[in-house]
Amino acid sequence: MTGNGPASPIQRDIIIQIPMHFYKNNNIFGRMAGLCAVLIILCTGCFATLLWGGDTAPVPGNRPHYLRIQVLSKQVRLLRQGLISSLAFRFPAGTDMRREGGSGPPGEVRGLSFRMSGGRIHGVSENGAPCGEGLWIITGGSEQEWTVSVSGEVRRYPLPLTMKIDGDSAVFIVRERLERFALDSARAEYGPVTEEQHEALQALRVLIAGRALQALQTPHHGDAEFCDLTHCQVYRGRIGGCSGGGDALQWVPDIAGLSFPFLFHSRCGGNTFDGRVFGSDPAGLTAVEDWCSPLGRYLCRGKDSSWRRILRARELASLIIPGQSGAAAQAQDLRFDRDAVNVTVVMNGKDHVLAPEDFRLKINRVKGWNFIRSNNYRVTPCSDEGEQAFCFEGQGMGHGAGFCQHGALALAAAGYSWYDILKHYYPGIRCVPYTDASGYPPGLSWAVFSLRTGNVLHISHRSFSNRTVPPGSVFKLLVSLYCMTQRPDIIRDYRYHCYGRHRRNETVPDCWLQRGHGSIGFTEALACSCNSYFGSLSRHIDRGHFQKWTNSFLERLGIGARCAVPPGDRSFARLLGGLDFSMRFRIEDFMRLLRLVSDVPVEDRMILAVRESISTDMRNELREALFRVVREGTASAGRSDEQKKLLYNQKKCDNNGPGDISVAVFGKTATVMDGTNRACSYGIFIGGTGAVGVMVLLRDGNGHRAAQYGMSLLREYGPEQ
């Protein structure tokens, strides 16, 4: 279905996702290609569907924009325990303080100090005025901040500040914008990140925003939605100086009807757990494999993730049931059932069954929080200085449910967007707009670049250039170039009758268009991306010669991908038809190929040399076909769409009027199966106008839909000045 024809209203709502674990060995995408194609054909045949694009969401309503956060929770506890002597706050000029319900005007305050005395917390202002028990409100100007020094670190919090002083307790609550809270909380969890890791930070930010929206429905702390402790949400105030993440929050998780919490942890060690790790309903969180098929590795497994611990049987019994004595004071057996997700401790012939996280916390409360570092481990009996013991060998750190922060960093560095990262760990997550100005869908990644120099002018996220994707129907450009240089007779004379999915020849793959394209030649076949036409060329092209030429061509063009022609006529036909997803192109490779087929003078000797090896007539033939892709082919608007009349008027295209950049767009679409730990459809569009090109990748979409966004981007950023 790489032909990418326009989708019907029914077709737009269909999304296919297939677990990827079955093709992670050997040729990671080659093994899945056949099964994916069969599934696509079945789905498209039975339901008359093509994959459309991304999350579609209702218009945002009155979404809450502020949160109340209880801050300095740990510091208040340390103050009560006598482990710190005081807490000192500083306020900007013009800050007022008043007691709730008190009489008289508010007074200005510049500093406050809190100490323990006589078992009670006492507050004193800078001018010596007491700040006794009761509810106090401290207000200042818009966006003003107050500060407090914590362990040598100066933390900044927004005003207003609400303080409730009551005997030996003190509660401090600030009010913060939800999008700023989510950003600063993500920064507190991650610490500094590089520009290439920005999308991991952004993914965690969106996840925390979802947690905040859930908390607003059921506040965790009475007068506040969150506290700043690890069991709730780490928050260290406003954090500056960290790269990335400062853009506006445009999308948030759709919390309507969700039964699972938005959880995250440090390292999963190779796989995450479902809700049973906490002993809850297994229908909540989804367990996923933290494997990335394109990278060919686990994202969160290695030497720095491994750990090993030994626990004696006698000590284990006392930790599970304190105060044990006699024969029952020793655990006879310990089992971790990873399928049932529970831990069984056998003592005195009786089974004690615990959820893995409950078991881990029982041990770590006594042995230290990093003793059993994660729930991803295997346990075996052993001996420790002659005593019965149990050996834990594991991977990762934390409870292991939901979002893995370390794995997300690896995905971000590989070019995946925040949305791809969230979908990796939360396959069922759906995002909705946070504001009316949410812009392009969350599944859209793109780069606008100069066709002349190759320089990126605008990009959806910086690491997108690191991403690799199967070329799909873009491979048909290579087939076309082969024919133009080696078999021009095919370009001039060869025609094929496409019957769609009612094929007459088992070697030729079905076309994406069920009714077929009828009798077509090269230009029409490329414009409508006919799988059957290009697949039929397998009967006229020598397989070995094609492979040798293609790899030489890619090398001369500066593209690192190589073509491995699969054995068998059927497989070769699928390759020529753009249905083999085993090859992968870098984003730069797509850009170089588009620069080659454009007529813009390029500042690249390799591209120039390859371009000059193709005759002018053939280059013009290819260019005409790529213009027709946009005018009337897979990238064109629907016949009933007013946009087609406005942008793709044939007369305007023929005149090539400089005033309307959209009418002069050329390009190529593709729809491929790709993903990380599960496969889903991606729409691809490479195209250009004037001296500007665009590369678009749309998750859960098709090439037709990707092209519409691509042309929107070209209109937005315009020709290169």
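Source: prediction; values computed, not measured. (Residues numbered from 1 in each chain as written. Predicted model: local features only at pLDDT ≥ 70, side-chain atom pairs only at ≥ 80, totals over all residues. Heavy atoms only, no water.)

## Describing the packing of aromatic side chains
The condition is simple: Two aromatic rings from Phe, Tyr or Trp, using only the six-membered ring of Trp, form a pair when their centres are within 6.5 Å; if the ring planes differ by under 30 degrees the pair is stacked, by over 60 it is edge-to-face, and anything between is tilted. Only DSSP runs of H or I covering at least 4 residues are called helices, and only runs of E covering at least 2 are called strands; the numbering of each starts at the N terminus. Only protein chains enter the accessibility calculation, which uses a 1.4 Å probe. A residue is then buried if its area is under 20% of the maximum for its type, exposed if over 50%, and partly exposed in between. Two limits define a charge over a ring: the Lys NZ or Arg CZ must be within 6 Å of the ring centre, and within 35 degrees of the ring normal.
One pass over the structure, following the stated rule, counts 29 aromatic pairs. A ring pair is formed by tryptophan 307 and tyrosine 377, whose centres lie 6.1 Å apart and whose planes are at 65°; its orientation type is edge-to-face. Here tryptophan 307 is found in strand 19 (residues 306–312), whereas its partner tyrosine 377 is found in strand 23 (residues 377–384), with 70 residues between them in sequence. The two residues tryptophan 307 and tyrosine 377 agree in class, both being buried. Through successive ring pairs, a cluster of aromatic residues spans Phe89, Phe91, Phe114, Trp146, Tyr157, Phe172, Phe181, Phe226 and Tyr235. Sitting above the plane of the phenylalanine 371 ring, arginine 309 keeps its charged end 5.9 Å from the centroid. Geometry around phenylalanine 666 places arginine 623 over its ring, the cationic atom sitting 4.5 Å from the centre.

## Topic: the environment of methionine 591
For clarity, the cut-off: The contact criterion used throughout is that any non-hydrogen atoms of two residues lie within 4.5 Å.
In this fold, methionine 591 is placed in helix 15 (residues 587–597). It is 9.7 Å that separates the C-alpha atoms of methionine 591 and valine 456, two residues lying 135 residues apart in sequence. If near-sequence neighbours (up to four positions away) are discounted, methionine 591 is found in contact with Phe449, Gly454 and Val456.

## Structural notes on the side chain of lysine 423
Test applied: As used in this structure description, the phrase polar contact means that two N or O atoms lie within 3.5 Å; if the pair is within protein, one of them must be able to donate a hydrogen and the other to accept it, and residues adjacent in sequence are counted only when both atoms belong to side chains.
Following the sequence through the fold, lysine 423 ends up in helix 8 (residues 418–425). A distance of 3.5 Å separates a polar atom in the side chain of lysine 423 from the backbone oxygen of proline 427.

## A word on the pattern of salt bridges
Going by this rule: We define a salt bridge as a side-chain nitrogen of Lys or Arg found within 4 Å of a carboxyl oxygen belonging to Asp or Glu.
Under the defined criterion, the tally for this structure stands at 38 salt bridges. With its nearest N and O atoms 2.9 Å apart, the salt bridge here joins aspartate 274 to arginine 276. In this structure, arginine 631 and glutamate 624 form a salt bridge, with 3.0 Å as the shortest nitrogen-oxygen distance. A single network of salt bridges, built from pairs that share partners, joins Asp420, Arg467, Arg584, Asp674, Arg699 and Asp700.

## Concerning the pairing of strand 9 (residues 134–139)
Counted only if it meets this: DSSP calls a pair of strands paired once it identifies at least 2 bridges connecting them.
Pairing between strand 4 (residues 96–99) and strand 9: four bridges, direction antiparallel. When the bridges of strand 9 are listed, arginine 99 appears paired with tryptophan 136.

## Quick look at the environment of asparagine 531
When you line up the elements, asparagine 531 lands in helix 12 (residues 531–536). With relative accessibility at 0%, the residue asparagine 531 sits in the buried group. Asparagine 531 sits 45 residues away from leucine 576 along the chain, and the two C-alpha atoms are 8.1 Å apart.

## Quick notes on helix 8
Within helix 8, eight of the eight residues are buried, which leaves the element mostly enclosed by the surrounding structure. Among the residues making up helix 8, those that are buried are Trp418, Tyr419, Asp420, Ile421, Leu422, Lys423, His424 and Tyr425.

## Structural notes on the sheet that holds strand 5 (residues 107–108)
To keep things clear, this is the line we draw: In this analysis, axes come from line fits to C-alpha atoms, helices being fitted only over the stretch in contact, and the angle between any two N-to-C directions falls in the range 0 to 180 degrees.
If you walk across this open sheet you meet the seven strands as 5-4-9-12-13-2-14, and the pairing is mixed. Among the strands making up the open sheet, the edge pair consists of strand 5 and strand 14 (226–227). Docked against the sheet, helix 3 (residues 178–190) engages strand 2 (66–71), strand 13 (169–177) and strand 14, running at close to 110° with respect to strand 13.

## Side note on the nonpolar core
We apply this condition: Only buried residues count toward a nonpolar core. Its members are Ala, Val, Leu, Ile, Met, Phe, Trp, Tyr and Cys residues joined through side-chain atoms within 4.5 Å.
One finds Phe89, Phe114, Trp146, Met163, Phe172, Phe359 and Phe403 to be the most contacted residues of the largest nonpolar core, which totals 108 residues. With 11 residues, the single largest contributor to this core is helix 4 (residues 198–217). Among all residues touching phenylalanine 114, those that are not within four sequence positions of it are Leu79, Ser85, Ser86, Leu87, Phe89, Ile121, His122, Gly123, Cys131, Met163, Ile165 and Phe172. Judged by nonpolar contacts, the second largest core, of 96 residues, contains Trp446, Ala527, Met591 and Leu593.

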